[in-house]
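Chain by chain, the residues:
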Amino acid sequence: MPEPLDAALTEVRALLLDPALTRAVAAGKRRGHRPSVVRAELRPVTLKGGPRLQISTSDGARPYTRNVAPGAEAGAAVDALLAEPFGNWHVETADATLQLRVTKSGEAQVHRAAASRPAAEPGGHDREKDYLLDPGDPIFAEIGGSAAKRRQVDAFLRALAATLPDDLTGPLRVVDLGCGNAYLTFAAHRYLTARGLDVELVGVDVREDQRRRNSELAARLGWADQVRFVAGTIADAVVEPAPDLVLALHACDTATDEALARAVRWDARWVLAAPCCHHDIAAQLRSRPAPGPYDLLTRQGILRERFADVLTDALRAGLLRLHGYRAEVVEFVDSRHTPRNLLIRARRTGTSPTDAQRAEYRDLVDQWRVTPRLETLLSGAATDGPAA
């Protein structure tokens with residue numbers, strides 16, 4: 001629940017000046033105020049002259065770094081930063097993590113957690129489990145989810161971390177399409193704000209009861225002004241303004257195509273979509289003989305289904321490339337946790353496709369005589385059946 005801001009910032013100050021500090025980030029802005037810098041990062045460093053507190057700030061165009069000595073100099077520098085009207089603070093020490101967000105009413109919403117500890121493996125060997133989000137984070141007490149679901153979400157966040165540039169600053173608009181129970185939605189918000197980003201996140205799901213449930217969770221977490229939910233289909237839900245980042249975790253069959261199509265229409269800068277089932281292309285492959293000499297690929301049902309998975313995602317990646325994206329298909333989580341472990345990861349470049357790239361895609365589609373749903377959505381075609 002909200003706390004007095006002055007008291008919370010005093011706690012932050014103590015952690016920033018604690019020798020156990022490992023990293024801290026300040027970013028975002030309070031309602032009606034604007035800091036003189038868009039982001040500040042603090043971390044301890046050891047120089048020839050001894051230990052120092054390194055402070056890196058950015059005005060959105062260029063970074064500035066200085067190293068201050070412990071004691072009065074560090075205290076004055078920290079006080080100056082705490083006086084800035086940042087909207088978010090994320091502080092990590094060897095023992096604890098603190099996240100502070102300033103609410104619209106000027107109070108502090110604070111989450112505190114103990115630092116994650118190495119977990120013992122069978123046989124007495126200790127191995128530190130490297131989570132982007134500590135499994136003991138207080139948000140999991142609210143959002144629930146099985147251990148397998150948390151592993152999937154954490155793996156998805158790793159792929160997100162590898163996609164976004166390290167020096168990303170400023171507001172970030174995010175949409176999670178087909179969010180369901182919003183495990184990814186809330187975890188992504190937690191992770192992105194911990195990076196010091198000012199995040200506005202929208203979760204979309206077709207069910208109104210899910211919208212109500214997730215909205216209530218956001219209110220309990222104190223995030224109702226940053227995380228909101230709308231009921232509607234992936235194709236038609238109203239999301240304004242257009243997002244910078246589009247997420248979709250296991251949207252079933254052509255729902256993944258709808259998510260990718262909306263991302264392209266929004267000109268989203270980044271897209272991460274983990275497909276689920278692939279029935280559409282599989283059905284098209286069943287309806288006609290395979291082109292020679294590939295009949296052995298589709299004669300057996302299990303092989304046809306697996307080949308349909310590969311063909312579907314290859315065509316999706318190819319279409320994204322034709323629409324100005326650099327796209328790759330990667331494994332984002334071990335298959336032990338889910339067989340649906342591939343991720344389509346795309347970054348908008350705005351580069352026009354070459355004739356060779358167009359021909360490469362068209363030759364593959366024509367040879368197999370299929371019509372990818374994503375092609376239909378992006379072309380505005382009225383039919384969605386296979387090509388003749």
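Residues numbered from 1 in each chain as written. Predicted model: local features only at pLDDT ≥ 70, side-chain atom pairs only at ≥ 80, totals over all residues. Heavy atoms only, no water.

Colleague: Can you lay out the domain arrangement of the protein for me, pointing to particular residues and giving the numbers?
Modeller: When cut into domains, the protein gives domain 1 (2–114) and domain 2 (138–380). Relative placement of domain 1 and domain 2: their C-alpha centres are 34 Å apart. The partner domain 2 presents 13 residues to the 18 residues of domain 1 that form the contact. Taken over both partners, the interface formed by domain 1 and domain 2 buries close to 1300 Å², and the fraction arising from carbon and sulfur atoms is 45%. Summed over the shared surface of domain 1 and domain 2, the result is 1 salt bridge. R101 is paired through a salt bridge with D225; the nearest N and O atoms lie 3.1 Å apart. (Domains from an automatic or database assignment. Contact = heavy atoms within 4.5 Å. Buried area = accessible area lost by both parts, 1.4 Å probe. Salt bridge = Lys/Arg side-chain N within 4 Å of Asp/Glu carboxyl O.)

Colleague: For the side chain of R39, give the residues involved together with the corresponding values.
Modeller: One can find R39 in strand β2 (residues 39–47). A polar contact is formed between the side chain of R39 and the side chain of E41, at a distance of 3.3 Å. Among residues more than four places away in sequence, those in contact with R39 are R23, V25, A26, S56, T57, S58, F86, T169, R195 and G196. (Helix = DSSP H or I, 4+ residues; strand = E, 2+ residues; numbered from the N terminus. Polar contact = N/O pair within 3.5 Å; in protein donor to acceptor, adjacent residues only side chain to side chain.)

Colleague: Before we move on, could you go through the state of the cysteines and cite the residues and values that matter?
Modeller: A full pass over the atoms with the stated rule returns 1 disulfide. Residue C252 pairs covalently with C277 via a disulfide, S to S 2.5 Å. Disulfide C252-C277: torsion about the S-S bond near 80°, hence right-handed. In this pair, C252 sits in the loop between β13 (245–251) and α7 (254–266) while C277 sits in the loop between β14 (270–275) and α8 (279–286), placing the two residues 25 residues apart along the sequence. Unpaired in this structure, C276 has its nearest cysteine sulfur neighbour in C277, at a distance of 4.4 Å. (Disulfide = S-S within 2.5 Å.)

Colleague: Can you tell me about unusual backbone geometry, naming the residues and giving the values?
Modeller: When glycine is set aside, most residues are seen to have a negative phi, and most peptide bonds are trans. P241 follows E240 through a cis peptide bond whose omega is -5°. One can find P241 in the loop between β12 (227–231) and β13. Geometrically, the link from G292 to P293 is a cis peptide bond, its omega value of 5° lying close to zero. Following the sequence through the fold, P293 ends up in the loop between α8 and α9 (295–299). Not every positive phi belongs to a glycine, and A182 is a case in point at roughly 70°. Secondary-structure assignment places A182 in the loop between β10 (171–177) and α5 (183–194). By relative accessible area, A182 is classed as buried at 0%. Located in the positive-phi region is D267, a residue other than glycine, with phi close to 60°. (Buried < 20%, exposed > 50% of the residue type's maximum accessible area, 1.4 Å probe, protein only.)

Colleague: Help me get a handle on the environment of T65, residues and values and all.
Modeller: Assignment of secondary structure puts T65 in strand β4 (residues 63–68). Judged by relative accessible area, T65 falls into the partly exposed class, the value being 43%. The sequence separation of T65 and A40 amounts to 25 residues, and the corresponding C-alpha distance is 9.6 Å. Once residues within four sequence positions are removed from consideration, T65 is found in contact with Q54, I55 and S56.

Colleague: Which residues make up the pattern of salt bridges, and what are the values?
Modeller: Throughout the structure, instances matching the rule amount to 23 salt bridges. Residue R23 is joined to E41 by a salt bridge in which the shortest nitrogen-to-oxygen separation is 3.1 Å. Taken together, the residues span a long stretch of sequence, with R23 in strand β1 (residues 21–27) and E41 in strand β2 at a distance of 18 residues. Among the ionic pairs, R348 bridges to D267, the shortest N-O distance being 3.6 Å. Of this pair, R348 sits in strand β16 (residues 342–348) while D267 sits in the loop between α7 and β14; the two residues are 81 residues apart in sequence, bridging distant segments of the chain. The class of R348 is partly exposed, set by a relative accessible area of 30%. The structure contains a network of salt bridges with shared partners spanning R23, R39, E41 and R43.

Colleague: Before we move on, could you go through the packing of aromatic side chains and cite the residues and values that matter?
Modeller: Throughout the structure, instances matching the rule amount to 5 aromatic pairs. One aromatic cluster is present, formed by F186, W223 and F229 through successive ring pairs. (Phe/Tyr/Trp six-rings, centres within 6.5 Å; stacked < 30°, edge-to-face > 60°.)

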